[in-house]
Amino acid sequence: IAGITQAPTSQILAAGRRMTLRCTQDMRHNAMYWYRQDLGLGLRLIHYSNTAGTTGKGEVPDGYSVSRANTDDFPLTLASAVPSQTSVYFCASSESWGLAPNEQFFGPGTRLTVL
Amino acid sequence: AQKVTQAQTEISVVEKEDVTLDCVYETRDTTYYLFWYKQPPSGELVFLIRRNSFDEQNEISGRYSWNFQKSTSSFNFTITASQVVDSAVYFCALSEAYSSASKIIFGSGTRLSIRP
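Residues numbered from 1 in each chain as written. Chains lettered and ligands numbered in written order. Predicted model: local features only at pLDDT ≥ 70, side-chain atom pairs only at ≥ 80, totals over all residues. Heavy atoms only, no water.

> What exactly am I supposed to notice about the confidence of the model for chain B here?
Detailed reading of the predicted model is not advised wherever pLDDT is low. Chain-level statistics for chain B give a pLDDT mean of 91 and a share of 94% at 70 or above. Ranking the helices and strands of chain B by mean pLDDT puts strand β3 (residues 19–21) of chain B first, with 98, and strand β7 (residues 59–61) of chain B last, with 88. (pLDDT = per-residue confidence, 0-100. Helix = DSSP H or I, 4+ residues; strand = E, 2+ residues; numbered from the N terminus.)

> Help me out: how do you make sense of the state of the cysteines in this one?
By definition, a disulfide links two cysteine residues through a covalent bond between their sulfur atoms. Evaluated as defined, the whole model comprises two disulfides over all chains. Paired through a disulfide, Cys 23 of chain A and Cys 91 of chain A show a sulfur-sulfur distance of 1.8 Å. On the sign convention where negative means left-handed, the S-S torsion of about -70° between Cys 23 of chain A and Cys 91 of chain A marks this disulfide as left-handed. Taken together, the positions of Cys 23 of chain A in strand β3 (residues 19–25) and Cys 91 of chain A in strand β9 (residues 87–94) put the pair 68 residues apart, joining distant regions of the chain. Just as Cys 23 of chain A is buried, Cys 91 of chain A falls in that class too. Residue pairing for Cys 23 of chain B: its cysteine sulfur links by disulfide to Cys 92 of chain B, the two sulfurs lying 2.0 Å apart. (Disulfide = S-S within 2.5 Å. Buried < 20%, exposed > 50% of the residue type's maximum accessible area, 1.4 Å probe, protein only.)

> So what exactly am I meant to see when it comes to the pairing of strand β11 (residues 110–114) of chain A here?
Taken residue by residue, a regular strand's side chains alternate between the two faces of the sheet. All names here are of chain A. Burial along β11 is one-sided: Thr 110, Leu 112 and Val 114 are buried, while Arg 111 and Thr 113, pointing the other way, are not. As paired strands, strand β2 (residues 10–13) and β11 are joined by four bridges and run parallel to one another. What sits directly across from Leu 13, in β11, is Val 114. Bridge analysis of β9 against β11 gives three bridges, and the strand direction is antiparallel. By the bridge assignment, Tyr 89 is partnered in β11 with Thr 110. (Pairing = 2+ DSSP bridges.)

> Any chance you could explain the interface of chain A and chain B here in plain terms?
Buried accessible area, meaning the area lost when the parts come together, often serves as the stated size of an interface. Taken together, the 23 residues of chain A in the interface contact 22 residues of chain B. Here chain A meets chain B over a buried area of about 1900 Å², counting both sides, of which 61% is carbon and sulfur. On inspection of chain A and its partner chain B, the count reaches two residue pairs in polar contact (both at pLDDT 80 or more). For the side of chain A that touches chain B, the secondary-structure elements that each account for two or more residues are β4 (31–38) and β5 (42–49) of chain A. Ranked by residue count, the leading element in the side of chain A that touches chain B is β5 of chain A, at four residues. Within the side of chain A that touches chain B, the residues separate by chemical class into 13 nonpolar, eight polar and two charged. (Contact = heavy atoms within 4.5 Å. Buried area = accessible area lost by both parts, 1.4 Å probe. Polar contact = N/O pair within 3.5 Å; in protein donor to acceptor, adjacent residues only side chain to side chain. Nonpolar A, V, L, I, M, F, W, Y, C, P; charged D, E, K, R; others polar.)

What follows is the structure, encoded as structure tokens:
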């Protein structure tokens, strides 16, 4: 059982290029999330999905898009990468949000550098 | 608005010392949840604890303990008899209840280094 997998592990990308970070979970969790982690800023939510077919914007959604075609996959796309998107990206999942927020399970992260 | 403050950016102690990581939060909600996560050098975040706003009992799990005080809006984390394996970045987080996933807020983290 892998939990959450992310691909690629790391990537160097030229500014202006399109990039999709992949995230797959095998826990059948309804909710999934994308965060970016920057030094001194902690984790900031980019986009989330409460259930398959729905998505929502987090704290820093600009420049990113997501889709949730099924329960397991939650890809994050940078349509035209910029250097300020250099960061470590974490995907996470949890059981249904519902009345009480559940613990989140995190993937290993993707280190993205935009030059 | 919600806010989580972890004022201690970095802490370094010698092994076997006790250490407390501070977390102060702000929220207007009466029902909310607090979390602590650990991020070891490997990078993956690991859940440690969840506490709801109605439960102010302190919690102890082995060498870890948490002190939740609504009067001071704090949810501090203490490691007793620290070990080198405790070296990590620790994040405190706050979430409203009955809300969507957009309402979880993480603090900026405290980097804890345990020296042998």
